[in-house]
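# A look at the structure
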Amino acid sequence: VDVDTVFFYSPDFRAMAHGYLHHRETPQKVYVDSVTLLFRDQRLYNRGQIELAVDDHGLNIERGAIASGGSMAMALGRYDYDGDLNLALSVNDIPLRAWASLFRPDFPLDGRASLQGKLGGSLRAPLFELTGEVDSVAWKDLHHSDLRMTASYRERTLTIDSSLLTSDTGIYRAHGNFNVDL
């Protein structure tokens, strides 16, 4: 089945896609040839064909990458309809200022982030492990060199295993736990 155009709209989000559904296979295969996502001022598009396998219990992301300029996000894994997650994520060269401005236009954060991680658990009780870095991180008027961090989330607790911030004024380290209900 050729899906000519799928369009989703909300005040902050729009998505348009075109692709094919092979419905006679089990699992059913969905091939998305083009997708454009608009989230407020951010425009994302697919990098190559996105491939999904859909069965009675959920869907597998077999190949999926979206991009904006030189930035890219990729995902592989499984999402079940009951909310269970088992995904691998990779995000490369994301401009923090553009995404931070979605929360507040004058949010004083800048830099370029890259991270790899795993997302598991369920939508009601997510678990994740992330390893990432921010090049040329800046907060307000303070410009630092690099931030590297390893963190995980489980049972409403964000654990920062290691955080290392390097700048001209020194090297700063942090670790600890924060109670956060996602």
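Only a predicted model underlies this, so the values are computations on that prediction, with no experimental measurement involved.

## Some points on the overall build of the protein
Helix and strand counts for the protein stand at 1 helix and 15 strands. Its C-alpha atoms put the protein at 60 × 35 × 25 Å along the principal axes. Burial analysis of the protein (182 residues in total) assigns 27% to the buried set. Counted over contacts in the protein with a minimum sequence separation of 6, partners at least 24 positions apart contribute 25%. Surface summary for the protein: the accessible area is close to 11900 Å², and the carbon and sulfur share equals 55%. Taking the average location of the 18 positive side-chain charges in the protein and that of its 25 negative ones, the two points are 3 Å from each other.

## Quick notes on the side chain of Ser122
Inspection of the secondary structure puts Ser122 in the loop between strand E10 (109–121) and strand E11 (126–139). Polar side-chain contacts of Ser122 include one of 3.1 Å to the backbone nitrogen of Ala125. The residues touching Ser122, leaving out its near neighbours within four places in the chain, are Gly83, Asp84 and Leu85.

## Re a nonpolar patch on the surface
The grouping of Phe107, Trp139 and Leu142 at the surface amounts to a nonpolar patch, some 280 Å² of accessible area in total. With respect to the helices and strands, Phe107 occurs in the loop between helix H1 (96–100) and E10.

## Quick notes on the nonpolar core
The biggest cluster of nonpolar side chains holds 10 residues, and these are Ala15, Val30, Val32, Val35, Leu37, Leu44, Ile50, Leu52, Val54 and Leu59. Those elements that provide at least two residues to this core are strand E3 (28–39) and strand E5 (50–54). Residue contributions to this core peak at 4 residues, all from E3. Each residue touching Ala15, except ones within four places of it in the same chain, is listed here: Val6, Phe7, Phe8, Thr36 and Leu37. Ranked by size, the runner-up nonpolar core spans 5 residues in total, among them Ala113, Val134, Val137 and Leu165.

## Points about the packing of aromatic side chains
Taken as a whole and judged by the stated rule, the model has 3 aromatic pairs. Ring geometry for Phe39 and Trp99: centres 6.4 Å apart, planes at 15 degrees, overall stacked. In this pair, Phe39 is assigned in strand E3 and Trp99 in helix H1, connecting sequence segments 60 residues apart. Overall, Phe39 belongs to the partly exposed group, its relative accessible area being 30%.

Cut-offs applied
- Along each chain, residue indices are assigned from 1 in the same order as the chain's sequence is written.
- Only residues with pLDDT of at least 70 get local features here, since the model is predicted, and only at 80 or more are side-chain atom pairs given and counted; chain-wide, interface and lining totals rely on the full set of residues.
- Excluded from the side-chain calculation are hydrogens and water; included are all heavy atoms of the structure.
- Every helix listed is a DSSP run of H or I at least four residues long, and every strand listed is a run of E at least two residues long, numbered separately from the N terminus.
- A 1.4 Å probe rolled over the protein chains alone gives each residue an accessible area, and that area as a share of the maximum for its type sets the label: buried under 20%, exposed over 50%, partly exposed in between.
- Contacts between residues were defined by any pair of non-hydrogen atoms, one from each residue, lying within 4.5 Å.
- Every accessible area reported is derived by Shrake-Rupley at a probe size of 1.4 Å, with residue values counting cover from the shown protein chains alone.
- Under the counting rule used here, the positive set is Lys and Arg, the negative set is Asp and Glu, and His together with the chain ends is not counted.
- Each charge is placed at NZ for Lys, CZ for Arg, CG for Asp and CD for Glu.
- A 3.5 Å cut-off defines polar contacts: any pair of N or O atoms within that distance qualifies, except that in protein one atom must be a possible hydrogen donor and the other a possible acceptor, and neighbouring residues in sequence count only when both atoms are side-chain atoms.
- Residues enter a patch when their relative accessible area is above 30% and they make no salt bridge; the linking distance is 9 Å between like charges and 5 Å between nonpolar side chains (Val, Leu, Ile, Met, Phe, Trp, Tyr).
- Within this document, salt bridges are pairs made up of a side-chain nitrogen of Lys or Arg and a carboxyl oxygen of Asp or Glu, the two lying within 4 Å of each other.
- In this text, buried Ala, Val, Leu, Ile, Met, Phe, Trp, Tyr and Cys residues form a nonpolar core when linked through side-chain atoms within 4.5 Å.
- In summary, the pairing rule links any two rings of Phe, Tyr or Trp, Trp by its six-membered ring, whose centres are within 6.5 Å, and it sorts them by plane angle into stacked for under 30 degrees, edge-to-face for over 60 and tilted for everything else.

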